[in-house]
Structure formats: structure tokens, C-alpha cells
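# Working through the structure, step by step
What follows is each chain in one-letter form.
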Amino acid sequence: MSKFDHQDTMFLEVKDKEKTMKHLWLSFAATVSSAGALFISSILAVVGDDNCDSKLCLFAGWGLVFSAIMAVNSVIACYTNVRASSKIATARSEKDVEEKESLIQGQSVPLSSPRDYSPSQAGLIRLVSCENCVSMCMTLILLFGTMIAIIFWTRIKDAHNTSHYVMFTASLMASGAAEFYALMAKLSFLQVTKKDRNKMLLLASNLLLFAMGITLISMNSSLVSDHNMWMFHGMNAVGILCCISSVFGVLITAVSHSALSTAFLSSTALPIPYLLIEMFTLGTSFTFTFGNLWLAVVVEVRAGQRYLLTGLELNAAVGFVVCIVTFLIHSAYDEILNPRLPSAYVAEEVDVEDLDEETAKKWGDKINAGFGTRYIGAWDGHAAVSLMRTYANMLTGGAESPIPHTKGIILRIGRPVEDVEFGGDDSVAYVFVTVVEKFDLTRYVPGILGSVLGVLFGANGFLPILSLRWGLVGFQYPFHSGIFLVKSDQPKYDMVMVQRAIVNWKDTSGINCHVLMSPCYATQLDSQAFEEAHFLNLQVGPSVVVDLRRYHGLKYKEFQRVALKKGNRRNHHGFFQKKGGTVHVSRDFRDFDEEYAEVSSRLVQLTAQQRISRGESAVLVPVLPPLMQAICEEHKSEYRRIFGIRVQGDPAGTAVLFEFPAAKLITSDMQGLRHEVARPTKAYFAMLSLTVEKALEE
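Residues numbered from 1 in each chain as written. Predicted model: local features only at pLDDT ≥ 70, side-chain atom pairs only at ≥ 80, totals over all residues. Heavy atoms only, no water.

## Concerning the overall build of the protein chain
As a reminder of what qualifies: Where helices and strands are cited, they refer to DSSP runs of H or I of at least four residues and of E of at least two residues respectively, numbered from the N terminus. Exposure classes here rest on a 1.4 Å probe applied to the protein chains alone. A residue is buried below 20% of its type maximum, exposed above 50%, and partly exposed in between. Contacts are assigned to residue pairs that have any heavy atoms within 4.5 Å of one another.
Scanning the protein chain from terminus to terminus reveals 22 helices and 14 strands. By residue count, 48% of the 698 residues in the protein chain fall in the buried class. The long-range fraction of contacts in the protein chain, counting pairs at least 24 apart against all pairs at least 6 apart in sequence, stands at 75%.

## Description of the pairing of strand S13 (residues 650-660)
To keep things clear, this is the line we draw: A pair of strands is treated as paired once DSSP finds two or more bridges between them.
Taken across its eleven residues, S13 has ten buried, putting it largely inside the fold. By the bridge criterion, eight bridges tie strand S12 (residues 640-647) to S13 in an arrangement that is antiparallel. Bridging from a neighbouring strand, Arg-641 pairs with Leu-657 of S13. Where S12 folds back onto S13 in an antiparallel hairpin, the turn is made up of two residues, including Gln-648, whose phi is positive at roughly 55°. Adjacent in sequence and paired antiparallel, S13 and strand S14 (residues 665-673) are bridged by four residues, among which Lys-664 carries a positive phi angle near 55°.

## Here we look at the pattern of salt bridges
Basically, it comes down to this: A carboxyl oxygen of Asp or Glu within 4 Å of a side-chain nitrogen of Lys or Arg is what we treat as a salt bridge.
Scanning the model with the defined rule gives 14 salt bridges in all. Between Arg-587 and Glu-659 there is a salt bridge; the shortest N-O distance is 3.3 Å. Of the two residues, Arg-587 sits in the loop between strand S11 (581-586) and helix H19 (596-613) while Glu-659 sits in strand S13, which places them 72 residues apart along the sequence. The exposure class of Arg-587 is partly exposed, given its relative accessible area of 32%. Of the residues examined, Glu-659 reaches a relative accessible area of 7% and is grouped as buried. The network of salt bridges with common partners includes Arg-587, Arg-641, Glu-659 and Glu-698.

## Some points on the environment of Gly-370
In this structure, Gly-370 sits in helix H12 (residues 357-370). Taking relative accessible area as the criterion, Gly-370 reaches 38% and is therefore assigned partly exposed. Sequence-wise, Gly-370 and Phe-484 are 114 residues apart; in three dimensions their C-alpha atoms are separated by 8.4 Å. Every residue in contact with Gly-370, bar those within four places of it in the chain, is listed here: Leu-485 and Val-486.

## Here we look at the environment of Val-247
Looking at the element boundaries, Val-247 is found in helix H8 (residues 230-256). The exposure class assigned to Val-247 is partly exposed, which follows from its relative accessible area of 41%. Each C-alpha atom, one on Val-247 and one on Leu-209, is 9.4 Å from the other, the two residues being 38 residues apart in sequence.

## Notes on the nonpolar core
In plain terms, the rule: We call a set of buried Ala, Val, Leu, Ile, Met, Phe, Trp, Tyr and Cys residues a nonpolar core when their side-chain atoms join them within 4.5 Å.
Of all hydrophobic cores here, the largest spans 82 residues; its most connected members are Tyr-391, Val-498 and Met-670. With sequence-adjacent residues up to four places away left out, Tyr-391 is seen in contact with Phe-432, Phe-475, Tyr-477, Leu-627, Ile-631, Phe-658 and Met-670. Ranked by size, the runner-up nonpolar core spans 42 residues in total, among them Ala-45, Phe-144, Phe-168 and Val-238.

## Details of the packing of aromatic side chains
Applicable threshold: We call Phe, Tyr and Trp rings a pair once their centres come within 6.5 Å, taking the six-membered ring for Trp, and we label the pair stacked below 30 degrees between planes, edge-to-face above 60, and tilted otherwise.
Per the stated rule, a full pass over the model turns up 16 aromatic pairs. Ring centres 5.0 Å apart and planes at 80° place the aromatic pair Tyr-274 and Tyr-333 in the edge-to-face group. Highlighted residues: Tyr-274 in helix H10 (residues 272-299) and Tyr-333 in helix H11 (residues 306-337), separated in sequence by 59 residues. Residue Tyr-274 shares its accessibility class with Tyr-333, and that shared class is buried. Geometrically, the ring pair formed by Tyr-391 and Phe-432 is tilted, given 6.2 Å between the ring centres and 35° between the ring planes. A residue pair is termed long-range when its members are at least 10 positions apart, and Tyr-391 in helix H13 (residues 381-394) and Phe-432 in strand S5 (residues 427-440) qualify at 41 residues. Overall, the relative accessible area of 3% leaves Tyr-391 in the buried class. Given a relative accessible area of 0%, Phe-432 falls into the buried group. By way of ring pairs, the aromatic residues Trp-379, Tyr-391, Phe-432, Phe-475, Phe-484 and Phe-660 are connected into one cluster.

## Quick look at the side chain of Ser-245
Within the secondary structure layout, Ser-245 lies in helix H8. Among residues more than four places away in sequence, those in contact with Ser-245 are Asn-206, Leu-209, Tyr-274, Ile-277, Glu-278 and Thr-281.

## Digging into the pairing of strand S4 (residues 406-414)
With respect to burial, S4 is a largely interior element, eight of its nine residues being buried. One ladder, built from nine bridges, connects S4 with S5; its direction is antiparallel. When the sheet's bridge partners are listed, Ile-413 is paired in S5 with Ala-429.

## Quick word on the sheet that holds S12
Sheets are built from strands paired through backbone hydrogen bonds, the pairs being either parallel or antiparallel. Test applied: Convention adopted: a line fitted to C-alpha atoms gives each axis, helices being fitted over their contacting stretch, and angles between N-to-C directions are expressed from 0 to 180 degrees.
If you walk across this open sheet you meet the four strands as S11-S12-S13-S14, and the pairing is antiparallel. Strands at the two margins of the open sheet, each flanked by one partner only, are S11 and S14. The mean angle between the axes of side-by-side strands here comes to 20°, regardless of whether they run parallel or antiparallel. Its contacts with the sheet put H19 on S12, S13 and S14, and the angle it makes with S14 is roughly 80°.

## Here's the deal with the confidence of the model for the protein chain
Low-confidence regions, as indicated by low pLDDT, have predicted coordinates that should not be scrutinised in detail. In plain terms, the rule: The pLDDT value tells you how sure the predictor is about a given residue, anywhere from 0 up to 100.
In the predicted model, the protein chain carries a mean pLDDT of 78, and the fraction of residues at 70 or more is 81%. Counting contacts from residues 1-15, a segment whose pLDDT is below 50, to residues more than four positions away or on other chains yields 58 contacts.

## A word on the packing of H12 against H13
Quick reminder of the rule: Working definition: roughly parallel below 35 degrees, roughly antiparallel above 145 degrees, roughly perpendicular at 65 to 115 degrees, and oblique for all remaining angles. If you view the pair so one helix is near and one far, a crossing is left-handed when the near helix is turned anticlockwise from the far one by less than a right angle, and right-handed when it is turned clockwise.
Contact geometry for H12 and H13: axes closest at 7 Å, N-to-C directions at 135°. Overall, the two elements H12 and H13 adopt an arrangement that is oblique. When the axes of H12 and H13 are compared, the crossing they make is right-handed. Counting all contacts with H12, which are made through Glu-357, Ala-360, Lys-361, Trp-363, Gly-364, Asp-365, Ile-367 and Asn-368, the residues of H13 involved are Gly-381, His-382, Val-385 and Arg-389.

## Some details on the environment of Ala-429
Within the secondary structure layout, Ala-429 lies in strand S5. Take Ala-429: its relative accessible area is 0%, and that puts it in the buried class. Taking C-alpha positions, Ala-429 is 9.3 Å from Ala-347, a pair spaced 82 residues apart along the chain. Residues within four places of Ala-429 in sequence aside, it is in contact with Leu-411, Arg-412, Ile-413, Phe-484, Leu-485, Val-486 and Val-498.

## A look at a negative patch on the surface
Selection criterion: The patch calculation keeps residues exceeding 30% relative accessible area without a salt bridge and links them within 9 Å when they carry like charges or within 5 Å when they are nonpolar (Val, Leu, Ile, Met, Phe, Trp, Tyr). Calculation of accessible area relied on Shrake-Rupley with a 1.4 Å probe; when residues are assessed, cover is drawn exclusively from the protein chains displayed. Residues scored as charged are limited to Lys and Arg (positive) and Asp and Glu (negative), so that His and the chain ends carry no count. Working definition for charges: the position is that of NZ of Lys, CZ of Arg, CG of Asp or CD of Glu.
On the surface, a cluster of negative charge is made up of Asp-588, Asp-591, Glu-594, Glu-595 and Glu-598. Residue position: Asp-588 is located in the loop between S11 and H19.

## Regarding helix H22 (residues 683-697)
Note: α-helices contain 3.6 residues per turn, so residues at a spacing of three or four share the same orientation. As a reminder, the rule being used: The length a helix should cover is 1.5 Å for every residue beyond the first.
With 15 residues, H22 extends 21 Å between its outermost C-alpha atoms, agreeing within 8% with the 21 Å of an ideal straight helix rising 1.5 Å per residue. Here H22 has its buried residues at Ala-683, Ala-686, Met-687, Ser-689, Leu-690, Thr-691, Val-692 and Leu-696.

## Quick word on a nonpolar patch on the surface
On the surface, Ile-448, Val-452, Val-455, Leu-456, Phe-462, Leu-463 and Ile-465 cluster together into a nonpolar patch covering about 740 Å² of accessible area. Tracing the backbone shows Leu-463 in the loop between helix H14 (447-457) and strand S6 (467-472).

## A look at unusual backbone geometry
Of note, the bond from Tyr-477 into Pro-478 is cis; its omega dihedral lies within 30 degrees of zero at -10°. Unlike most non-glycine residues, Lys-664 shows phi in positive territory, near 55°. Tracing the chain through its elements places Lys-664 in the loop between S13 and S14. Classification of Lys-664 as exposed rests on a relative accessible area of 72%. Here Met-670, not a glycine, exhibits a phi torsion of approximately 55°, which is positive. Position of Met-670 relative to the elements: it lies in strand S14.

Here you go:
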């Protein structure tokens, strides 16, 4: 169990013991009484049918099985109730109380190991959890059986069995209600995490789905022999799908309780097959349920179709329940895969107009002091804030944004307002999020099929179901995490809580992104906190990182001699110059070209098109002229430079050098090349070597 999750399994406090025990023993008495009534009514139904060839007799046989299960569960309940009466089962240690309260209040607590319960307490927890699973399964199955019995009772007019039908149906309903009452009493006694409740719901719903699948198969096999209708064949297929889906669901529930749980739930591929199966089951059952319901309305106006009508109504009723149960399964599975985890912090959107020069300087100082500037990938806080302001000003969202359907959002992460214990500036982190409002998945499908899908289902298609709202917790240029801690005594704990606060902001704001992506190096704190914040660690495309700290003060040729093998010490810059190439590195972008924005944008788009033609992914945020212009005019000049090259006087390549002086970092982004000109002149290698040379010089 996660040490960050404050919804841990716990016993009720002693002061609630009397009330809780009252409900436990009342639910036990109700369960025993209803199990006895179900057993007696089932015996009477079987004895009353001489040949045992009626539907009631068949149901009564299952009633005997269910009453036996209830009896065994009642014996276990009696044992756990007696144990619950003792002090060891109801008292919690003072340490547990303090730790839970501190987490709820958002106080920073040490990262400790999971709670250590005594063997007797741990055993009771497991036993009560198993009992709860059985109670939930029995509740659903008994209520389902009640519904089926009522349908048969209203259709089959048999005076001899009417009293038995009434008794059996009433005992089924009472048993279901008693099991539900017992379940609620046990849950009030033993509070479990939402994740464990969803696992229990997943198991119980899949067992019920299996029962309904068997019911549909047996019922429609009989109906097909008398009425060879396509609707009955369809519901027979639905029953088979229900059985397959439920078997998968039970296996996944078992895996989620095993040591493989983390590996399975953290995988991007393993959970998908079951999702596809359950969604296909839901769609198929809905289609044929609607068909049976429509056919039942048509058949009802005809005479002599009573048994056919009963079959159609049963199919419609069972299919309707299948749809509900499948939807519950999907919801529980989704909650297990994507839980809403609590955070000690809250995220607040910051209006860029409020981020004036004085405030921006304070933010930059705090980032440099709190987050540090000496690890690989670290940023200068002042440059980061300047870039936040630049992007937030320009990326306004919607079709009217200079970069259409792209929005830049600045967040301040801090403690809740009502937490008055912490005075002054309670900021824990500053965050920048880039939201791509229309991320078109059809761009990744090559050829004519991709074009057709784009017209039909793409971002601007007739039905844009293949378009996502993509949230990048960071910057596209440079591609970097947008989370900056400003103060922390426990960095990993705070990073987890900040990431959770961002997710909670996403869920409660109007943005509601389908995907949140936070780019970082594997060695960064962000990556170490991902698992507890329920992010997935995924590999993205490679990037080139040149660590020059060892070569401080060397000239480029000395660097080549010391750092590179002899075969790699080529003079790319000299070769480029011989081919008619010239280089322009300047803080004034117009030194490269008067129309630098259009020229740079065109070159970057050429490179992007070449990447797409090779089957690689397109960039999230396209480099359009307004973006280049904003970086030139709004981003502070000491933090950026244009790097342009020409061949025979014509623009052949471009890049923007982003500089972070406090961290001694330079990044080269927004790269664009005319490949038919750049490849023969080895322009890319010349740009790379010149960037390294510029870094060594400065």
C-alpha cells in the first residue's frame, strides 16, 4: 500500500464501537433469517413440483446453493463479529491517528514504511475483506435473480405454483437486502481505500456478469430451438462475450492483488485488451438489448406469442442489466488505472498580467534558490519565468490564438487558503502547462487511410473522436518539464504532492485534458516521483546532451583533441565554409534575415514534414511566424539568440539558442533545414559543432 495514500485501511475508533457492533449483529441476524427463509422456500418449491420440470424448480435449485453460501458467510460473520468486539480489533495506535491527521491536513510527514499491524489484526482485515467480496457478489446475484423471478411470475400463470413463486421471490429479495445491509455494516467497521473498493466491485460485477452470461446462453439456446430468430442468436453471442469478459475481469482482479499489480497497472499495453473486450461487450449487448426490446413491442400486438414475448422480455431485461454491470466494471477498472489521489497542495491559475517585473524577479530568485541550478537539465529561474510570460502572453487558446488551439497556463502550487498555520508566501512550486486543444491522432496514420480518417474523425473532421486535448506539463521549446519547486524540506514528497495537485487541477478546471505529459530526464526528481503520483514512466525520443563541465576553459580544437576520438575530429565548420556557407549568431534576429519570422518558420516546417514522411511524430506546437516573433520581442534578449546559416546567400537552416546563465546551459531548439542544400554541405554537423564551440567560449 502506498505510503503517500492517506486513505489507508483502518479500524474505527473505540468511541464508535457500540454503534458499529449493533449494526454488525443486526445484519448478522438479518442474513441468517433471510438465508433460512430462502432455504425453506426453495425446499417447498422443489417438493411442490412432482417432476421438477418447471422454471421455478430450476430457480429453487440455485436458491439452495445461494442459501448454503449465505450460511457459510454467516458463520464467518459471526466469528469476525466476536473478534470485532475485542479491544484488539477496534483500537488504533496513537501513531496511526497522528499520521492520518497530518496527511489529511497536508503537513509534511517523513516518508515511512507501510503500517505494521499485528498478525491478528492483519488476519482479521483479510478475512473481513473476503467476507465483503462474498456479500457484494451475493447482493448483486440475488437481486438479479429476483428480477428474473418477477418476470417469470408475471408471465407464467400457474395457480398451483403461485404461492411458491411469491414465497421464493420474496425470500430472494429479502436475502439480497440482508446481504447489502451486512456489506454496509462491514464497510462502516473496516474502511478501505477507494482502490480496494474498486477491486471488490470489479470482482463482484464480473462474477455477476458471468452468471448473466450463463443465463443468456442457456435461455437463448432453448429459444433458438423453438424460434430460429437472429435476435436470439445475437443474445447467445452476448452471453458468450459476457463469460469471456468476466473471466478476463476475474483474472485481472487476481493480478491486481498479487505482486504483479504495479507492473500491470503501470503498463501502457497490458490493460488495453480487457478495455477493448469490455467496451465491445457493452456495445454488442446494447445493440441486441435494444433489438429485443423493439421486437417485444412488435410481437405484443399479436395473439398466441406469450412464450416468445417472455423470452424477448427476459433478453431485454438481462441485456439491460448487462449494460449497467459492464458500465460499472468499466468505471471501477478506470478508477483502478487512473485513481484520483489526494494532495496536500492546491493549484491556482496565475493571470500573466499579474506577473510584473518585480514579481517575476522574486519567482526567479526562489526557483534558483529552491530548485537548484547545478544538476543536468537545470534551468535558470529568471529565464524560465521570462519564457513562461512569453508563452502565456502569446498562447491564448482557441482558433484566434497566434498558434491556433494552443494555450499556455501558469500555475502556482501552494497550501490551501484555509490552512492558516502557514503564513506569508506559501508557494511550493511554479508550473507552466502547454495545452494543445486539438491533438489530431490521424496525423500518425500514413497514406490515404490517414487522410480519410482525418476528414471523418480528425480534429477538424465531421466527428472529431480521434482528437485529444493534450496537456504538456512543461515547454515544447525547449522540451523541458514545467515544474519548478521553490522550497522543500522533503523534495520527493513535495514533488509527488505537486504532481497530484496538477492532476486535480486538470480534473476540476474547465481544461480537462485527456492526457498529461511531463517531460524530464530519468535522473530528475520529477521522474522519481511519477509512480506515486500515478504517472507512467515512458521513453520519448532521444536528445543530445553535451556535458562540458570537464572542459571548462578549453578552445574548441583542444576540446576535440581531448574529448573526441581521432576519427571524429572533423572540421565541419571549415567544410561548410568551403561550400559557400555563412553563419549568423546574434541576439538581434534581424541580423539573420529581415523577415526572420517567416523564413525560420518555413525552414522548421520543412524539417517537420521530413520527419512525418519518415513515420516519426509531428511536434505538438508548430513553429509559426508569431511564435518566432514573440520569442524575439518578448523573451528577454539575454536568454535567446538566433542561429542562422546561409548557403550561397540563401537561407539554409535556423535554430534558436535558449540560454540559462545561472545554470550555465544552452539549448538549441526550433531547428529547421533545407535538406537538399544542408546535406551536401554538412550544415547540421556544422551547427552542432558551432553550438559546442560557442558554449566553450562563454
